[in-house]
Amino acid sequence: MHAVPTPTQNTHPFNEEQWLPVLFLLADIQTWLQQLQGEHLRQLPVKNRKKLLRKSWYLSAKALAHILERHYHKVPRHPLAGKFTIPIPAIVAAIKDAAQQTQQPQPGGHCQRVYDTGATIGYNNRGQPVSTITVITDAAGEIITAFPGTPDL
């Protein structure tokens, strides 16, 4: 038996004639923003930066902004979070290099990779210097966040 899904009740009447052009406009804007994002990230002086824009290990401007807002020592927000003390291109390079590590499944469908850079990159949430970076991705490989050190268990 094939059931036809019942439309959900909406407080506003659905006007397809108005809705469809807005959908196309949003799709065009999203495409334009993705192109701008790619061009902006390609300006970073990092080797093989195109790898950051592929679908299996993808660093979006939104994710990079989150990482820097929360974990970059020059941004005075989130004082109890670990902080990177290296330049932004070095942070992005460490994120890129972490892709070579084996991913570990995490609760909620996310994955984590921990990479030791071999040099101090910042300090963890306890204020201790660290050389490791942890990168969290969704199941598809899109980078959600990255931070210096390893997660507290």
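Quick caveat, the model's predicted, so the values are computed rather than measured.

Peer 1: What is the right way to look at the nonpolar core in this model?
Peer 2: As a rule of thumb, nonpolar side chains are buried together in soluble globular proteins. Counting 23 residues, the largest nonpolar core has Ile95, Ile133 and Val135 as the members making the most contacts within it. Those elements giving two or more residues to this core turn out to be helix H2 (61-71), helix H3 (88-97), strand E6 (132-137) and strand E7 (143-148).

Peer 1: Can you walk me through the environment of Thr137 in this structure?
Peer 2: When you line up the elements, Thr137 lands in strand E6. Separated by 32 residues in the primary sequence, Thr137 and Pro105 have C-alpha atoms spaced 9.7 Å apart. Not counting residues up to four positions away in its chain, the partners in contact with Thr137 are Trp57, His110, Cys111, Arg113, Glu142, Ile143 and Ile144.

Peer 1: How should a nonpolar patch on the surface be read in this particular structure?
Peer 2: On the surface, Leu25, Ile29, Trp32, Leu33 and Leu36 cluster together to form a nonpolar patch covering roughly 470 Å² of accessible area. Tracing the backbone through its elements, the reader meets Leu36 in helix H1 (residues 16-41). According to the relative accessible area criterion, Leu36 is partly exposed, its value standing at 36%.

Peer 1: Where do I start with H2 in this structure?
Peer 2: Residues spaced three or four apart along an α-helix point in a common direction, a consequence of the helix completing one turn every 3.6 residues. Within H2 the residues assigned to the buried category are Ala63, Leu64, Ile67, Leu68 and His71. Along H2, the residues classed as buried sweep out an arc of 130° about the axis, all on the same side.

Peer 1: Would you mind showing me how to read the sheet that holds strand E5 (residues 129-130) here?
Peer 2: Adjacent strands of a sheet pair through backbone hydrogen bonds, lying either parallel or antiparallel. With antiparallel pairing, the 3 strands of this open sheet are ordered in space as E1-E4-E5. Since the sheet does not close on itself, it has two edges, and those belong to strand E1 (83-84) and E5, each with one partner. In the sheet, strand E4 (residues 122-123) pairs with E5 via 2 bridges, with the strands oriented antiparallel. Within E5, the residue paired with Gly122 across the bridge is Val130.

What counts, and at which threshold
Here the residue index of a chain counts from 1 through its sequence in written order. Totals for whole chains, interfaces and linings use every residue, but because this is a predicted model, local features are given only for residues with pLDDT of at least 70 and side-chain atom pairs only at 80 or more, for both listing and counting. Hydrogens are left out, water is left out, and the side-chain values use all remaining heavy atoms of the structure. By nonpolar core is meant a set of buried Ala, Val, Leu, Ile, Met, Phe, Trp, Tyr and Cys residues that side-chain atoms within 4.5 Å join together. With a 1.4 Å probe rolled over the protein chains alone, any residue whose accessible area is under 20% of its type maximum counts as buried; one over 50% counts as exposed, and the rest are partly exposed. Only DSSP runs of H or I covering at least 4 residues are called helices, and only runs of E covering at least 2 are called strands; the numbering of each starts at the N terminus. Here, two residues are considered to be in contact whenever any of their heavy atoms come within 4.5 Å of each other. Like charges within 9 Å and nonpolar side chains (Val, Leu, Ile, Met, Phe, Trp, Tyr) within 5 Å are joined into patches, using only residues over 30% in relative accessible area that form no salt bridge. We get accessible surface area from the Shrake-Rupley algorithm with a probe of 1.4 Å; when it comes to residues, only the shown protein chains can shield them. For this analysis, a salt bridge means a side-chain nitrogen from Lys or Arg found within 4 Å of a carboxyl oxygen belonging to Asp or Glu. Think of the arc as the fan of directions from the helix axis to the C-beta atoms. Strand pairing is assigned whenever DSSP detects at least two bridges linking the two strands.

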